[in-house]
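# Survey of secondary and tertiary structure
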Amino acid sequence: MGTVPANPFKIIQLAFKETVPKAHAELQKWHQEALKIDDVDIREQAAWTVNDKTFHCEGGSIFALLAGENKDNHIQFLVAYQTICDYLDTLCDKNDAHDPNDFRSIHQALLDCLTPDKPHGDYYQYRDHFEDNGYLRKLVDACREATASFPGFADMQTHMQEVSQFYIDFQVYKHVEEEKREPLLKDFYEHNKHFAPTMRWYEFACGTASTLALYCMAAYAAAPVQTAQGQQIKEAYFPWVQGVHILLDYFIDQEEDRQENEMNFVAYYGDSKEMFERFKYIDEKATEKLQMLPDKKFHLLLKTGLYALYLSDKKVMSHPRLKAEAKQLIKLGGFPASLFYYNRWIFKRKIS
């Protein structure tokens, strides 16, 4: 395994040169596959999702720097898996039935990605006359093909499946009828609060709604030399780093969610002071857990990079209150976050 970069300049350089271009190439491939879908509505939803959610794969591709010479296969896995996540999220958002059985059925694809010898599920069994020309199955197969090249996959598999199941549960509860969402998510936390007893239910929900732990495990599994264990990574990223990740996501979506009357977990904080205090607490717990990982400097830099990635978003820059709050939040990342913050604008120009 090559040397894992441990400074922000090197990470940015390698992302521009190696991981992001590969992620774009994979995304272009799936965009072309989406355009082959006969059904007009499904084709438009699939193609739009690939185009609109590109940044998920751009950022996630940086984990491939942990995979050494096997980084291309890791990116193949990451892009296919993330494309499934984004595609299914779109299908859930566009579904007026709010049927939890349907949501679990389509999300079975994510577990099938991690279970190579299992037959494909009947993903659309609760959707009459729904045909995507094998698009979802092709994505699953791409993930399986990639994991077949991961020397450490057998050791990581159970842990990857566990965090995938948490993500699936969250997606189901998030998309049911509006009045059922909060009770289900509170109960979800009560059954799992032993993972993070000092979190609040909506913070734990954020901790389950990210794919960072999975992509980190996949990167170490892909590496020719095994230097980390699934349990180590899971305890660091789930739910703490993932909590930081998704809280930031909800932070930038506050105004949009308010206008569309959508659930927003940051809105549960009473005021800005409480929000800053809770962000700081969760960030400190994430930092503490990441200190236990191999390549800890790399992981700590990625965490601070999350602040730059989200807080430089145009939704923040165009909203005076969010912009003012973002200036406070960026301090949690220290100098590396500020460095990533300013380079993120360069990054956007390079890839636009």
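Heads up: the structure comes first, above all this text.
Quick look at the structure, then. (Residues numbered from 1 in each chain as written. Predicted model: local features only at pLDDT ≥ 70, side-chain atom pairs only at ≥ 80, totals over all residues. Heavy atoms only, no water.)

## Observations regarding the state of the cysteines
Counted by the stated rule, this structure contains zero disulfides. Of all cysteine sulfurs in the structure, the one in Cys113 sits closest to Cys85, which takes part in no disulfide; the separation is 8.2 Å. Judged by its relative accessible area of 1%, Cys85 falls in the buried class. Summary of cysteine pairing: Cys216 is not part of a disulfide, and the nearest cysteine sulfur, belonging to Cys85, is at 16 Å. (Disulfide = S-S within 2.5 Å. Buried < 20%, exposed > 50% of the residue type's maximum accessible area, 1.4 Å probe, protein only.)

## Points about helix α6 (residues 135-147)
Under the 1.5 Å per step criterion, the end-to-end length of α6 is 19 Å for 13 residues, consistent within 8% with the ideal 18 Å. Buried residues of α6: Tyr135, Leu136, Leu139, Val140, Ala142, Cys143, Arg144, Ala146 and Thr147, and no others. Tucked inside the fold, the buried residues of α6 contact α1 (8-34), α2 (40-52), α4 (71-93), α5 (100-113) and α7 (153-175). (Helix = DSSP H or I, 4+ residues; strand = E, 2+ residues; numbered from the N terminus. Expected span 1.5 Å × (residues − 1). Contact = heavy atoms within 4.5 Å.)

## Re the environment of Leu306
Looking at where Leu306 falls in the secondary structure, it is placed in helix α14 (residues 296-311). Taking the relative accessible area as the measure of exposure, Leu306 reaches 9% and is therefore buried. Setting aside chain neighbours within four positions, we find Leu306 in contact with Leu212, Val241, His245 and Leu248.

## With respect to the pattern of salt bridges
Counting across every chain of the model gives 23 salt bridges. For the salt bridge of Glu284 with Lys280, the shortest nitrogen-to-oxygen distance reads 2.5 Å. Remark: Lys280 and Glu284 occur in helix α13 (residues 272-290); sequence separation between them is four residues, near one turn of the helix. What makes Glu284 partly exposed here is its relative accessible area of 40%. Because the salt bridges share partners, they merge into one network encompassing Lys22, Glu26 and Lys29. (Salt bridge = Lys/Arg side-chain N within 4 Å of Asp/Glu carboxyl O.)

## Things to note about empty space enclosed by the protein
Scanning the entire structure with this criterion turns up one cavity of 30 Å³ or more. Within this model, the largest cavity holds a volume of roughly 40 Å³. Lining the largest cavity, in full, are Tyr81, Val163, Ser164, Tyr167, Ser210, Thr211, Leu212, Ala213, Leu214 and Gln242. Of all the secondary-structure elements, those providing two or more residues to the lining of the largest cavity are α7 and α10 (212-222). (1 Å grid on protein atoms, 1.4 Å probe; cavity = no way out; pocket = protein on both sides within 12 Å on 5 of 7 lines; lining within 4 Å. Points joined across faces, edges and corners; volume = space filled by probe spheres on them.)

Geometric descriptors of this kind do not, in isolation, establish any biological role.
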